[in-house]
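Observations on the model geometry
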Amino acid sequence: MTDKNEIFTKAQAAIEAGDTDEAVQVAKDGLALGVNGIELINNGFIPGINKVGDLFGEGQLFLPELIMSANAMQAVIEIINKKLEKEGTKQTAGKVILGTVEGDLHDIGKTIVVALLKANGFEVLDLGRDVSVDKFIEEAETFGADIIGTSALLTTTMSVQKELEEQLKAKGLKGKMKTIVGGAPVTERWAKRIGADAYAADATDGVRKIKELMAG
């Protein structure tokens with residue numbers, strides 16, 4: 001396996017198949033042959049996870065398959081990042097903090113977002129469920145977050161997303177950290193109304209929007 005494009009093709013195929021062992025082997029082979037780690041991620045593995053995300057969004061792929069691909073991607077990212085750290089060239093796509101808001105105990109959707117973001121090279125801090133506004137802000141400042149993502153699955157907890165926007169403004173952090181909101185009852189209209197920077201319709205849309213926020 002000496003052709004760079006062949007390595008990229010195999011990398012993408014391994015992620016699409018959710019085959020961790022194959023993905024790890026391709027990563028090791030690519031690095032051993034001198035392929036740049038960042039190039040390997042950007043041209044091989046990320047196109048694979050993006051394709052998986054698109055198929056999931058279209059309903060052509062199911063949750064267990066999505067998780068398998070995300071796990072394969074995380075294993076690859078770890079291997080390549082170790083190599084990049086030794087070279088002093090490790091890159092991150094950005095720092096994202098995520099959590100389900102206070103009073104809400106649902107987090108399956110958020111868990112998928114965490115896996116997909118990590119697979120796309122983001123540093124992610126998952127605060128879990130039932131997270132207060134104060135904790136979101138405190139942890140975001142400590143972590144140096146670029147983006148705060150909140151999930152609300154109940155209409156009764158959506159107000160916490162609004163409170164977070166108000167507190168970020170009051171503390172002079174709005175603009176320094178961007179926000180994205182999601183969850184079953186949450187809409188684009190709600191996001192605009194409370195002043196959030198973006199709205200995520202689902203996990204794959206969330207990753208897409210977070211990439212757009214970082215690019216902007």
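As shown above, the structure is provided for reference.
First, a word on what this report is: a plain description of the structure on this page. Keep in mind the model is a prediction, meaning the values are calculated, not measured.

Moving on, we get to the overall build of the protein chain. Within the protein chain, the regular secondary structure consists of nine helices and five strands. Counting from the amino terminus, the protein chain carries its helices and strands in the arrangement α-α-α-α-β-α-β-α-β-α-β-α-β-α. Here the C-alpha atoms of the protein chain give a radius of gyration of 18 Å, agreeing with the 17 Å that 2.2 N^0.38 yields for 216 residues. By its C-alpha atoms, the protein chain is 55 × 40 × 25 Å across when sized along the principal axes. Counting over 216 residues, the protein chain shows a buried share of 45%. Counted over contacts in the protein chain with a minimum sequence separation of 6, partners at least 24 positions apart contribute 71%.

Among the nonpolar cores identified, the biggest contains 43 residues, and Leu40, Phe45, Met73, Ile80 and Leu117 are the most heavily contacted of them. Looking at this core, the elements with two or more residues in it are helix 1 (4–17), helix 2 (20–32), helix 3 (37–57), helix 4 (63–87), strand 1 (95–100), helix 5 (108–119), strand 5 (198–200) and helix 9 (203–215). In contact with Met73, other than residues within four places in its own chain, are Ile15, Phe45, Ile46, Ile49 and Ala119. Counting residues in hydrophobic clusters, the runner-up holds 25 residues, among them Val131, Ala140, Ile148 and Ala152.

Let us now look at the pattern of salt bridges. A full pass over the atoms with the stated rule returns nine salt bridges. Notably, a salt bridge pairs Arg208 with Asp54, separated by 3.8 Å at the nearest N-O pair. Note that Arg208 is positioned in helix 9 and Asp54 in helix 3, a separation of 154 residues in sequence. Taken together, the shared-partner salt bridges in this structure form one network comprising Asp54, Asp205, Arg208 and Lys209.

Glancing now at the packing of helix 1 against helix 2. Interaxial distance between helix 1 and helix 2 falls to 8 Å at its minimum, and their mutual angle equals 160 degrees. As judged from the angle between their axes, helix 1 and helix 2 are roughly antiparallel. Classified by chirality, the crossing of helix 2 by helix 1 is left-handed. Residue-level inspection shows Ile7, Lys10, Ala11, Ala14 and Ile15 of helix 1 in contact with helix 2, the latter providing Glu22, Ala23, Val26 and Gly30. Partitioned by chemical class, the residues of the contact of helix 1 with helix 2 number six nonpolar, one polar and two charged.

What follows is about helix 9. Its 13 residues place the ends of helix 9 19 Å apart at the C-alpha level, agreeing with the 18 Å of an ideal helix rising 1.5 Å per residue. Along helix 9, the residues classified as buried are Ala203, Thr204, Asp205, Gly206, Val207, Lys209, Ile210 and Leu213. By the N-cap criterion, in which a side-chain oxygen at the helix start approaches the backbone nitrogen of a residue two or three places on, helix 9 is capped by Asp202, the distance to Asp205 being 2.8 Å.

A few words on the packing of aromatic side chains. Overall, the coordinates contain zero aromatic pairs when judged by the stated rule. Taking NZ or CZ as reference, Lys95 lies 5.2 Å from the ring centre of Phe143, over its face.

Before going further, it helps to examine the packing of helix 1 against helix 3. Contact pair helix 1 / helix 3: the axes reach a minimum separation of 8 Å and the direction vectors enclose 30 degrees. As helix 1 packs across helix 3, the resulting crossing turns out to be right-handed. Residues Lys4, Ile7, Phe8, Ala11, Gln12, Ile15 and Glu16 of helix 1 form the contact with helix 3, whose own contacting residues are Glu39, Leu40, Asn43, Gly44, Phe45, Pro47, Gly48, Ile49, Lys51 and Val52. Partitioned by chemical class, the residues of the contact of helix 1 with helix 3 number nine nonpolar, four polar and four charged.

Parameters at a glance
- Residues numbered from 1 in each chain as written.
- Predicted model: local features only at pLDDT ≥ 70, side-chain atom pairs only at ≥ 80, totals over all residues.
- Heavy atoms only, no water.
- Helix = DSSP H or I, 4+ residues; strand = E, 2+ residues; numbered from the N terminus.
- Rg over C-alpha atoms; globule rule 2.2 N^0.38 Å.
- Buried < 20%, exposed > 50% of the residue type's maximum accessible area, 1.4 Å probe, protein only.
- Contact = heavy atoms within 4.5 Å.
- Core = buried A, V, L, I, M, F, W, Y, C linked by side-chain atoms within 4.5 Å.
- Salt bridge = Lys/Arg side-chain N within 4 Å of Asp/Glu carboxyl O.
- Axes fitted to C-alpha atoms, helices over the stretch in contact; angles between N-to-C directions.
- Parallel < 35°, antiparallel > 145°, perpendicular 65-115°, else oblique.
- Left-handed = near helix turned anticlockwise from the far one by under 90°.
- Nonpolar A, V, L, I, M, F, W, Y, C, P; charged D, E, K, R; others polar.
- Expected span 1.5 Å × (residues − 1).
- Polar contact = N/O pair within 3.5 Å; in protein donor to acceptor, adjacent residues only side chain to side chain.
- Phe/Tyr/Trp six-rings, centres within 6.5 Å; stacked < 30°, edge-to-face > 60°.
- Lys NZ or Arg CZ within 6 Å of the ring centre and 35° of its normal.

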